[in-house]
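Residues per chain are reported as follows:
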Amino acid sequence: MRTDIHPVPLDRAYRLLNHGPVTLVSSAHAGRDDVMAAAWAMPLDFMPPKVVVIIDRSTFTRTLVEASGEFVLNIPSSAQAAAVLAAGSGSGREQTDKIAACGLQRLPAERVGAPRIAGCLGWLECRVLPEPENPRRHDLFIAEVVAAQADARVFRDGRWQFAPEGGPRTLHYVAGGAFLETGRSITVESPR
């Protein structure tokens, strides 16, 4: 494992998603795994940390998530934009190894059976909370975060700290193959 990947305390895990990055949802069950892009993922609660993600019923990822009850939200870097677009454009049902076909590599997860995706800047390992009506009616999954990790080059002391120039950054999907890279950071003093 890379030495710049560090655990994120669960009470800070929501901060990995708070700025709205695109995610890669990885899943696994019965010897198969898959990955898909998801722009609609967000934190839901602090402790225990929970997330919400939309996973369309037509995806192979959803089949695996429903069978295993687990997934990983991977937060890709802007260098992975082409792979993110590929993951959002094809189905794992027709591909023997969609993860490799998208130019991505697996990392083992710590607490779930789904793989983490190498090269990402953050990872949230999740277990689905049993709410069958939400996926059926809205394609919406609520999950508890059971482990979280981040790349220490850009996430330290419980927050994103992107370099002013260059360096890895997270990615935001706009539509039609267009992305935005996370911009510069500003800090505002809290009113007293």
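See the structure printed just above.
Bear in mind the structure is a predicted one, so any value in this text is a computation, not a measurement.

1. As for the overall build of the chain
- Assigned secondary structure in the chain consists of four helices and 14 strands.
- Taken over C-alpha atoms, the radius of gyration comes to 16 Å for the chain, in line with the 16 Å a tight globule of 192 residues would show.
- Across the 192 residues of the chain, 47% fall into the buried class.
- For the chain, the share of sequence-separated contacts (at least 6 apart) that also reach a separation of at least 24 residues comes to 67%.
- Summed over all atoms, the accessible surface of the chain reaches about 9700 Å², with 54% contributed by carbon and sulfur.
- Positive and negative side-chain charges in the chain, numbering 21 and 21 respectively, have mean positions lying 2 Å apart.

2. What to know about the nonpolar core
- Core analysis: the largest hydrophobic core is formed by 27 residues, its most contacted members being Leu16, Val53, Phe71, Leu73 and Leu124.
- Elements supplying a minimum of two residues to this core: β3 (32-38), β5 (50-54), β6 (70-75), β9 (122-128) and β10 (140-151).
- In terms of residues, this core owes the most to one element, β10, which gives five residues.
- Once residues within four sequence positions are removed from consideration, Leu16 is found in contact with Val8, Pro21, Ile75, Trp123, Leu124, Ala148, Gln149, Ala150, Phe155 and Trp160.
- Membership of the second largest hydrophobic core comes to 23 residues, among which are Val72, Ile99, Ile117 and Val146.

3. So, the pattern of salt bridges
- Applying the stated criterion across every chain yields a total of nine salt bridges.
- Between Arg62 and Asp139 there is a salt bridge, and its shortest N-O distance comes to 2.6 Å. With Arg62 in helix α1 (residues 60-68) and Asp139 in the loop between α4 (133-138) and β10, this residue pair connects regions lying 77 residues apart in the sequence. Pair check on accessibility: Arg62 and Asp139 agree, each one buried.
- Measuring nitrogen to oxygen at the nearest pair gives 2.6 Å for the salt bridge that ties Arg106 to Asp97.

4. Observations concerning the environment of Pro9
- Looking at where Pro9 falls in the secondary structure, it is placed in the loop between β1 (5-7) and β2 (23-29).
- The class for Pro9 is partly exposed, based on a relative accessible area of 49%.
- With 139 residues separating them in the primary sequence, Pro9 and Ala148 have C-alpha atoms 7.1 Å apart.

5. A closer look at the side chain of Arg116
- With respect to the helices and strands, Arg116 occurs in strand β8 (residues 116-117).
- Within the buried set, Arg116 has no salt-bridge partner at all; the shortest N-O distance to an opposite charge, 4.2 Å, is to Glu125.
- Engagement of the side chain of Arg116 in a polar contact is seen with the backbone oxygen of Pro108, the distance being 3.0 Å.
- Polar side-chain contacts of Arg116 include one of 3.1 Å to the side chain of Gln149.

6. So, the side chain of Asp139
- Judged by its relative accessible area of 10%, Asp139 falls in the buried class.
- Other than its neighbours up to four places away in sequence, Asp139 contacts Val53, Ile54, Ile55, Asp56, Arg57, Arg62 and Asn134.

7. So, helix α2 (residues 81-89)
- Among the residues of α2, those classed as buried are Ala81, Ala83, Val84 and Ala87. For α2, the angular spread of the buried residues around the axis is 160°, confining them to a single face. In α2, the exposed residues that point more than 90 degrees away from the buried face are Ala82 and Ser89.
- Those residues of α2 that are buried lie in contact with β2, β3, α3 (98-101), β13 (171-175) and β14 (178-181).

8. Overview of the pairing of β3
- Of all seven residues that make up β3, five are buried, and the element is covered over most of its length.
- Taken together, the seven bridges between β2 and β3 define a ladder with antiparallel strand orientation. Its bridge partner lying in β3, Val25 is registered against Met36.
- Where β2 folds back on β3, the antiparallel hairpin that results is connected by two residues, among which Ala30 adopts a positive phi of roughly 50°.

Criteria and thresholds
Residues numbered from 1 in each chain as written. Predicted model: local features only at pLDDT ≥ 70, side-chain atom pairs only at ≥ 80, totals over all residues. Heavy atoms only, no water. Helix = DSSP H or I, 4+ residues; strand = E, 2+ residues; numbered from the N terminus. Rg over C-alpha atoms; globule rule 2.2 N^0.38 Å. Buried < 20%, exposed > 50% of the residue type's maximum accessible area, 1.4 Å probe, protein only. Contact = heavy atoms within 4.5 Å. Areas by Shrake-Rupley, 256 points an atom, 1.4 Å probe, with all protein chains shown as cover. Lys, Arg positive; Asp, Glu negative; His and termini not counted. Charge placed at Lys NZ, Arg CZ, Asp CG, Glu CD. Core = buried A, V, L, I, M, F, W, Y, C linked by side-chain atoms within 4.5 Å. Salt bridge = Lys/Arg side-chain N within 4 Å of Asp/Glu carboxyl O. Polar contact = N/O pair within 3.5 Å; in protein donor to acceptor, adjacent residues only side chain to side chain. Arc of directions from axis to C-beta. Pairing = 2+ DSSP bridges.

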